[in-house]
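In case you want the letters, here they are:
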Amino acid sequence: MMIELINVNVYYGIIHALKGISFHIDEGEIVTIIGANGAGKTTTLKAISGIQRIKSGSIMFNGKDISKSSATDIVGLGISHVPEGRRIFSNMTVMENLEMGAFLRKDKAEIKKDFNKVFELFPRLLERKNQLAGTLSGGEQQMLAIGRGLMSKPKLLLLDEPSMGLAPIVVKEIFEIIKDINKEGTTILLVEQNANMALQTADRAYIIRNGEIDIEGRAEDLLKDETVRKAYLGG
Ligand code: ATP
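Residues numbered from 1 in each chain as written. Predicted model: local features only at pLDDT ≥ 70, side-chain atom pairs only at ≥ 80, totals over all residues. Heavy atoms only, no water.

Selection criterion: UniProt positions are given in the numbering used here, feature names are shortened, and annotations may be inferred rather than shown by experiment.
Under an unreviewed UniProt entry, the name given to the protein chain is Amino acid/amide ABC transporter ATP-binding protein 2 (HAAT family), and the organism recorded is Fonticella tunisiensis. According to the UniProt record, the Sequence similarities (unreviewed entry) comment for the protein chain reads "Belongs to the ABC transporter superfamily."

Right, dumping it as structure tokens:
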């Protein structure tokens, strides 16, 4: 197991957002967490990346409990979080945004290689490397957010709703790239409201409901499951 959450509880004041969540991801997998608005998907990613403290439980990453580690240390260990709504630096260029993703690294030659890798994955970013990020299209901004996430050389990439607000054709393109990133060796945890695309992309899935894991299984099985189809895939 690369990462394992064991009985994780998160509160926002009196709101019990994650109610004893347990799940795991093996190295090399694409796992998706799907669920309705407010189910706790984003909170799960924030708990893993150390942005949100957990009240109890543990988060084991390659055998080490990271639940009390700082967000910066967690990046250093190899977990990169691409947040919902992209959060790129609008007044910085594409290149500068990517540099920010490598802020913890000192290995200049390797960083350069990774710039090239990101530009291979996203040729559109190369064409626009000196453009201000705020002037990119929504799809390009999502590509930049993912590219920036890759610049920390993660073992595990956390993606929060990469399809949000994008046209279907762009969503398809982004999900193809997510598969490519995975094929090159990065394990992926994908949080999505677009259950259909997520299940078509992932190996396994967890469905979260009101802060609890409701259903889990192989993505291809869940795509065919009657209950899942009715509740999450529009019949
Ligand atoms: P969405 O798909 O709408 O982003 P989600 O599944 O990602 O939803 P979360 O953002 O994890 O859901 O939220 C889980 C619950 O925790 C919700 O009830 C939400 O209102 C609550 N919550 C999230 N962040 C905070 C916060 N900072 N303060 C108080 N409550 C919060």
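Read on, since the account is not over.
Regarding the site of the ligand
Inclusion rule: Being near a molecule or strand, for a residue, comes down to having at least one heavy atom within 4 Å of it. Throughout this description, a polar contact denotes any pair of N or O atoms lying within 3.5 Å of each other; where both atoms belong to protein, one of them has to be capable of donating a hydrogen while the other can accept it, and for residues adjacent in sequence the pair is counted only when both atoms sit in side chains. Here the accessible surface of atoms and residues is derived via Shrake-Rupley with a 1.4 Å probe, and residues count as covered only by protein chains that are part of the display. Each helix is a run of H or I in the DSSP string that is no shorter than four residues. Each strand is a run of E no shorter than two, and both are numbered from the N terminus. Each residue receives one of three labels: charged for Asp, Glu, Lys and Arg, nonpolar for Ala, Val, Leu, Ile, Met, Phe, Trp, Tyr, Cys and Pro, and polar for the others, Gly being one of them.
Around the ligand, 14 residues are found, and the nearest of them are Asn 37, Gly 38, Lys 41, Thr 42 and Thr 43. Taking Glu 161, its side chain carries an N or O atom lying 3.2 Å from an oxygen atom of the ligand. The separation between an oxygen atom of the ligand and a polar side-chain atom of Gln 193 is 3.0 Å. Considering the ligand on its own, with 630 Å² of exposed area, one finds that the protein chains cover 63% of that surface. Where the shell around the ligand is concerned, the elements lending two or more residues are strand 2 (15-25) and helix 1 (41-49). In terms of residue class, the shell around the ligand is built from 5 nonpolar, 6 polar and 3 charged.

Describing helix 6 (residues 138-150)
For clarity, the threshold we go by: Given a helix with a known number of residues, its expected span is that number minus one, times 1.5 Å. Relative accessibility decides the category of a residue: with a 1.4 Å probe and only protein chains considered, values under 20% of the type maximum give buried, values over 50% give exposed, and everything between is partly exposed. By definition in these notes, contact holds between two residues if any of their heavy atoms fall within 4.5 Å.
The end-to-end C-alpha distance of helix 6, which contains 13 residues, comes to 19 Å, matching closely the 18 Å that a straight helix rising 1.5 Å per residue would cover. When you tally the buried positions in helix 6, you get 12 out of 13 residues, the bulk of the element. Within helix 6, burial applies to Gly 139, Glu 140, Gln 141, Gln 142, Met 143, Leu 144, Ala 145, Ile 146, Gly 147, Arg 148, Gly 149 and Leu 150. Among the structural elements, strand 6 (79-82), helix 3 (94-101), helix 4 (108-121), helix 5 (123-127), strand 7 (156-160) and helix 7 (168-183) are those in contact with the buried residues of helix 6.

Notes on a nonpolar patch on the surface
Put simply, the test is: Within the patch definition used here, like charges are joined within 9 Å and nonpolar side chains (Val, Leu, Ile, Met, Phe, Trp, Tyr) within 5 Å, considering only residues with over 30% relative accessible area and no salt bridge. Whenever Lys or Arg places a side-chain nitrogen within 4 Å of a carboxyl oxygen from Asp or Glu, that contact is recorded as a salt bridge.
Taken together, Tyr 12, Ile 14 and Ile 15 make up a surface patch of nonpolar side chains, about 370 Å² in accessible area. Mapping Ile 14 onto the fold places it in the loop between strand 1 (3-12) and strand 2. Exposure remark for Ile 14: the relative accessible area of 86% places this residue in the exposed category.

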